[in-house]
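Tertiary structure, described
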Amino acid sequence: MKRINFIKLLSKSAIVIATGNLFGTVLHAATKSVSVTISHVKRYALGIQIEKCIGCGNCVLACKTENDVPKEPFYFRTWVERYLIKKNDDVVVQSIEGGAGKLSTEMEEKDILRSFFVPKLCNHCEKPPCAQVCPVGATFKTEEGIVLVDEKRCIGCSYCIQACPYGARYMHPEKHIADKCTLCFHRIKSGGIPACVEICPTQARVFGDLESKASPLIRLKRMKKIHVLKPELNTEPKVFYTDLDGEVK
Amino acid sequence: MNIAAHEGLLKILGQVSGYIYPNEIEVHWSILIVVYPYLTGLVAGAFILASLVKVFNVTALKPTYRLALLTALAFLLIAPLPLLLHLGHPLRSWQIFFTPNLSSAMAMFGFVYAWYLMVVLLLEIWFDYRADMVNWGQTAKFPLNWLYKILSLFSKDVSPRAKVFDKRMVKYITILGIPSAFILHGYVGFIFGSIKANPWWSSVLIPIVFLFSAIVSGIALVMLLYMIITPSRGKPIDMKCLDKIASFLLYAAIVDFSLEILDFTHRLYESEESIKIITDMVVNKLFISLVVLQVLIGMVIPLGILILTKAAKFNQELRKLLYFVTAILIQIGIFSTRWNVVLGGQMFSKSLRGLTSYNMEMMGREGFLMALVLLIAPFFILAILIKLLPPWGKNPDGE
Ligand code: SF4
Ligand code: SF4
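Residues numbered from 1 in each chain as written. Chains lettered and ligands numbered in written order. Predicted model: local features only at pLDDT ≥ 70, side-chain atom pairs only at ≥ 80, totals over all residues. Heavy atoms only, no water.

**Quick word on the overall build of chain B**
Within chain B, the regular secondary structure consists of 14 helices and two strands. Relative to the globule expectation of 21 Å for 399 residues, the C-alpha radius of gyration of chain B, 23 Å, shows essentially globular dimensions. Counting only C-alpha atoms, chain B reaches 70 × 55 × 35 Å along its principal axes. Residues classed as buried in chain B amount to 56% of the 399 residues present. Long-range contacts, defined as pairs at least 24 residues apart, comprise 80% of the intrachain contacts of chain B with a sequence gap of at least 6. Accessible surface computed for chain B: about 17500 Å², of which carbon and sulfur atoms make up 72%. Of note, chain B has its 32 positive side-chain charges centred 11 Å away from the centre of its 22 negative side-chain charges. (Helix = DSSP H or I, 4+ residues; strand = E, 2+ residues; numbered from the N terminus. Rg over C-alpha atoms; globule rule 2.2 N^0.38 Å. Buried < 20%, exposed > 50% of the residue type's maximum accessible area, 1.4 Å probe, protein only. Contact = heavy atoms within 4.5 Å. Areas by Shrake-Rupley, 256 points an atom, 1.4 Å probe, with all protein chains shown as cover. Lys, Arg positive; Asp, Glu negative; His and termini not counted. Charge placed at Lys NZ, Arg CZ, Asp CG, Glu CD.)

Here it is, written out as C-alpha cells:
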C-alpha cells in the first residue's frame, strides 16, 4: 500500500514537473508505466442470470433515462426478449417496446412448453467486429475492455451496425452517430455500477471485473454453467449468460 | 426525432414479420448504397473493355476505346457521392483519408479510389490524348486553346518518338489498370463479403461475383453509349466492333451467371442455419427484384438473345435492335443485383427469426430522386468530357 502511495505521489509530482520542462515529461512517462504495472488493469463484463429475469423491463427504462437513449421504440441500448416455446417446438419471440411494453400472448397456456426472458445488450466483444470495420476508428475498445463510440469522430456510416451480429447498435436519430451500450462508462469510472444492474429487482444482472477474484461476476462464472451468444462467430462476447437456452440467438 | 421519420418507422414496425431485434427496424444502407456499387461496377467494366484494345490487341474494339475510358472516368467521378451523401456526418469524411482505421475495408476506399483515379484512369487518358491536346492547343480558339495547353501540362513534343513513348506508357498503365480495376470492384464486394455477422453477404464468392457482374454491366453500358452516340453524330455503326462487344458481353455474362448459380447452389446445398429465413426473404421480399428482374429479365433473356444472335444469321438492323435491348435489360439486371445484395442483407433479422421492409423515400437526402440524380449525373459529365476530348479526334488511333 505504502509503495502504491509513494508511486502515486511520485506520478503527481511528475505531472507538475511535466508541465514545466521536457525532462519532466520523460520522468512522467517513466512513472506512468510503473504505476500501470502495479495497479492491475480492470476488465469489466456483465453476467446475466436468465432464470432470475422476470421480464419487468425496468432495466430498459432505466437505461433510456440514464443514457438519454431516444424514447421511440426503435432505439435500445438494452432490451429484453421473451421466448415462448410451444409443445410442437415452435418458438415465438417478442420484445414489445424493447421488453418494457405490455406483454401480449395469443397463445393458449396449455400449448406452451416453457418460457423465459433474455435481456440483451452490447456484448463488449473481446474481438469486436464493429471496431474492426469502423473506417475511422471511432469505435474502439478501452483498456478495460469496454467497446465505445467516440461521438466526435463517428462519421455516421453505419458500417458497425451492419457488422454487429447482435443488433446492439442503432443510428442516433438526432446526433447521426452510431450509439450503443457503454456499460455506463461514466458511472463505473466514478466507482458506480451500470444503471440496469442497479435497478434490476432480482439481481439478474451481475456486473464485475474479470481480473478481480473477489468480483461477483467471477463467483458467478465459477458456480454456474456459462454460455455466450453466437460463439461460432468468434467475437468472444463478454456478456455471460447462465441457463441460456439453445433457441436464443 | 422528426415526425415523418417516426411515422415511417412505425409503419415499418407494422410490416415486420416474425421477430427482429428492436434496433433492426431501420434499414441503414438505403438506395444510395445500391447506387454506389452499381456506379463503381460500371467504371471497372468500362475500363476492362478499354484494356482489351490496348493489352490484348482486340483491334475490332478500337472505335470504343476512348469512349470506354471517358465513360469510366465520368462514372468514377460520381461514384463517391452516394457514399458521402449517406453519411450522418459528411463533413467528417476526410478522416477516412487522413486517419483511416487500417483494419476496416471501408477505410481502404480512399486509397483504392485515389489510386484508380490518379494513377490509372487520369494518367492513361492523359497519355492517350497528349498529342491531340498539344495539337488542339494550337488550333482551337481562345480560351479553349489555353485549356488544352494546361491540360497537356504545356508539353509540346509531338514527334514520332514522343508518340511512341505515349503509346508505350498507355500500354503499361493498362496492364497495371486491369488488376486495379479488379481490385476496385472486388474490394467493393469485400465490403459486404467480409461481414461475418450477415449470412446473406458473408461469402468469399461475393467479390468475384461483383467483379464479373461489373464487367458485364460496364461492357453493356459502353455498347449502349456507342449505339446511341454514333448515329447521333451521323456516322455509321461499325458492325464488326458491335458484334465483337456482344461476344465479350456474352462471355462475361456466362461467367457471371455461372458464378451466381454456383453461389446459389452452394448456399442451398450447405443449407446452414440461415437458409430458412433467407428463403423466406427471397420468396416474400425479393421475388420481383431477384427472380424476375435480376435472373429472368436481367440475365436469362439477355443471355438467350446473345446466344441467338451468335447462332442465327440475323441481318444488321435486327442485330442492332437485339443488342440494344440486351444492353438495357442487362443494366436493369445488374442494378437489381446490387439492390438485392445491399437491401436483401438488411431485410432479415440477424436473429434469423424475422423480416423487416425497406420503404424507399421519394425526396430527401437518401431518397429515390437523389439516387436518380446520381445515376444521371455521370452522363452529363460524359457529355462534357466528350465535347472536350472527342474520342474520335484526329488521332490516327481514333476511327
Ligand atoms: S456486441 Fe456488437 S456492438 Fe457490442 S462489441 Fe460486439 S459487435 Fe460491437
Ligand atoms: S457509424 Fe461511426 S462508429 Fe460506426 S463504423 Fe461508421 S464511423 Fe465507425
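**Some words on a nonpolar patch on the surface**
Where nonpolar side chains cluster on the molecular surface, the patch consists of B:M362, B:M363, B:L369, B:L372, B:I376 and B:F380 and spans about 590 Å² of accessible area. When you line up the elements, B:L372 lands in helix α14 (residues 368–388). (Patch = residues over 30% accessible without salt bridge, like charges linked within 9 Å, V, L, I, M, F, W, Y side chains within 5 Å. Salt bridge = Lys/Arg side-chain N within 4 Å of Asp/Glu carboxyl O.)

**A closer look at the interface of chain B and chain A**
Opposite the 40 residues of chain B that make contact, chain A presents 52 residues. Applying the counting criterion to the chain B and chain A interface returns two salt bridges. Where B:E273 meets A:K249, a salt bridge forms, and the shortest distance between an N and an O atom there is 3.7 Å. Our count for the contact surface shared by chain B and chain A stands at 30 residue pairs in polar contact (both at pLDDT 80 or more). (Polar contact = N/O pair within 3.5 Å; in protein donor to acceptor, adjacent residues only side chain to side chain.)

**Brief notes about the environment of A:Q203**
Residues and elements named next belong to chain A. Within the secondary structure, Q203 is located in the loop between α7 (195–199) and β9 (205–209). Overall, Q203 belongs to the exposed group, its relative accessible area being 55%. In sequence terms Q203 and C53 are 150 residues apart; their C-alpha atoms lie 8.1 Å from each other. Excluding residues within four positions of it along the chain, Q203 makes contact with Q49 and K52.

**Description of the nonpolar core**
Within the largest apolar cluster, 138 residues are counted, with the highest numbers of intra-cluster contacts made by A:Y159, B:W29, B:Y116, B:L121, B:F192 and B:W200. When residues in this core are grouped by element, the largest group, 18 residues, is from helix α2 (residues 31–54) of chain B. Residues in contact with A:Y159, not counting those within four places in the same chain, are A:V133, B:W29, B:S104, B:A105, B:M106, B:I191, B:S194 and B:I195. In terms of nonpolar packing, the next biggest core, distinct from the first, is built from 39 residues, A:V80, A:C122, A:C125 and A:C181 among them. (Core = buried A, V, L, I, M, F, W, Y, C linked by side-chain atoms within 4.5 Å.)

**Some remarks on the site of ligand 1**
Close to ligand 1 lie 13 residues, the nearest being A:C122, A:N123, A:C125, A:C130 and A:C164. Class assignment of the residues belonging to the shell around ligand 1 gives a composition of nine nonpolar, two polar and two charged. (Near = heavy atom within 4 Å. Nonpolar A, V, L, I, M, F, W, Y, C, P; charged D, E, K, R; others polar.)

**A look at the sheet that holds strand β4 (residues 112–121) of chain A**
All names here are of chain A. Read from one edge to the other, the open sheet built from three strands follows the order β3-β2-β4, with strand pairing classed as antiparallel. Two strands lie at the open edges of the sheet, namely β3 (91–94) and β4, each paired on one side alone. Here the average twist between neighbouring strands, direction ignored, is 20 degrees. As defined by bridge partners, strand β2 (residues 78–86) adjoins β3 across four bridges and the pair is classed as antiparallel. Bridged to I85 within β3 is V91. (Pairing = 2+ DSSP bridges. Axes fitted to C-alpha atoms, helices over the stretch in contact; angles between N-to-C directions.)

**What about empty space enclosed by the protein?**
Here the idea is plain: a probe the size of a water molecule rolls over the atoms and shows the empty space left. Evaluated as defined, the whole model comprises nine cavities of 30 Å³ or more. Breaking the lining of the largest cavity down by element, the ones donating at least two residues are α5 (159–163) of chain A together with α13 (316–347) of chain B. The leading source of residues in the lining of the largest cavity is α13(B), at three residues. For the lining of the largest cavity, a count of residues per class yields four nonpolar, nine polar and four charged. (1 Å grid on protein atoms, 1.4 Å probe; cavity = no way out; pocket = protein on both sides within 12 Å on 5 of 7 lines; lining within 4 Å. Points joined across faces, edges and corners; volume = space filled by probe spheres on them.)

**A word on the sheet that holds strand β10 (residues 226–227) of chain A**
Residue and element names in this part refer to chain A. The strand order across the open sheet built from four strands is β9-β1-β11-β10, with neighbouring strands paired in mixed fashion. Looking along the sheet, the strands with just one partner apiece sit at the ends: β9 and β10. Where strand β1 (residues 44–49) and strand β11 (residues 239–242) come together, four bridges link them in parallel fashion. By the bridge assignment for β11, Q49 is matched with T242. Sheet strands in contact with helix α8 (residues 216–223) are β1, β9, β10 and β11, and its direction is about 110 degrees off that of β9.

**Structural notes on α2(B)**
Taking 1.5 Å of rise per residue, 24 residues should cover 34 Å, and α2(B) covers 36 Å from first to last C-alpha, within 8% of that figure. For α2(B), a buried count of 24 out of 24 residues is recorded, marking the element as mostly surrounded by other parts of the structure. (Expected span 1.5 Å × (residues − 1).)

**Examining the side chain of A:R187**
Residue and element names in this part refer to chain A. Looking at where R187 falls in the secondary structure, it is placed in helix α6 (residues 185–189). Its relative accessible area of 16% is what places R187 among the buried residues. Aside from chain neighbours lying at most four places away, what touches R187 is E66, G192, I193, P194, A195 and E198.

**Observations concerning the packing of aromatic side chains**
Taken as a whole and judged by the stated rule, the model has 24 aromatic pairs over all chains. Here A:F74 and A:Y75 contribute two aromatic rings whose centre-to-centre distance is 5.9 Å and whose plane-to-plane angle is 85 degrees, an arrangement assigned as edge-to-face. Centre to centre, the rings of B:Y38 and B:F335 are 5.2 Å apart; their planes meet at 85 degrees, and the pair counts as edge-to-face. Note that B:Y38 is positioned in helix α2 and B:F335 in helix α13, a separation of 297 residues in sequence. Site record: aromatic cluster; members linked through ring pairs are A:Y159, B:W29, B:F192, B:W201 and B:F210. (Phe/Tyr/Trp six-rings, centres within 6.5 Å; stacked < 30°, edge-to-face > 60°.)

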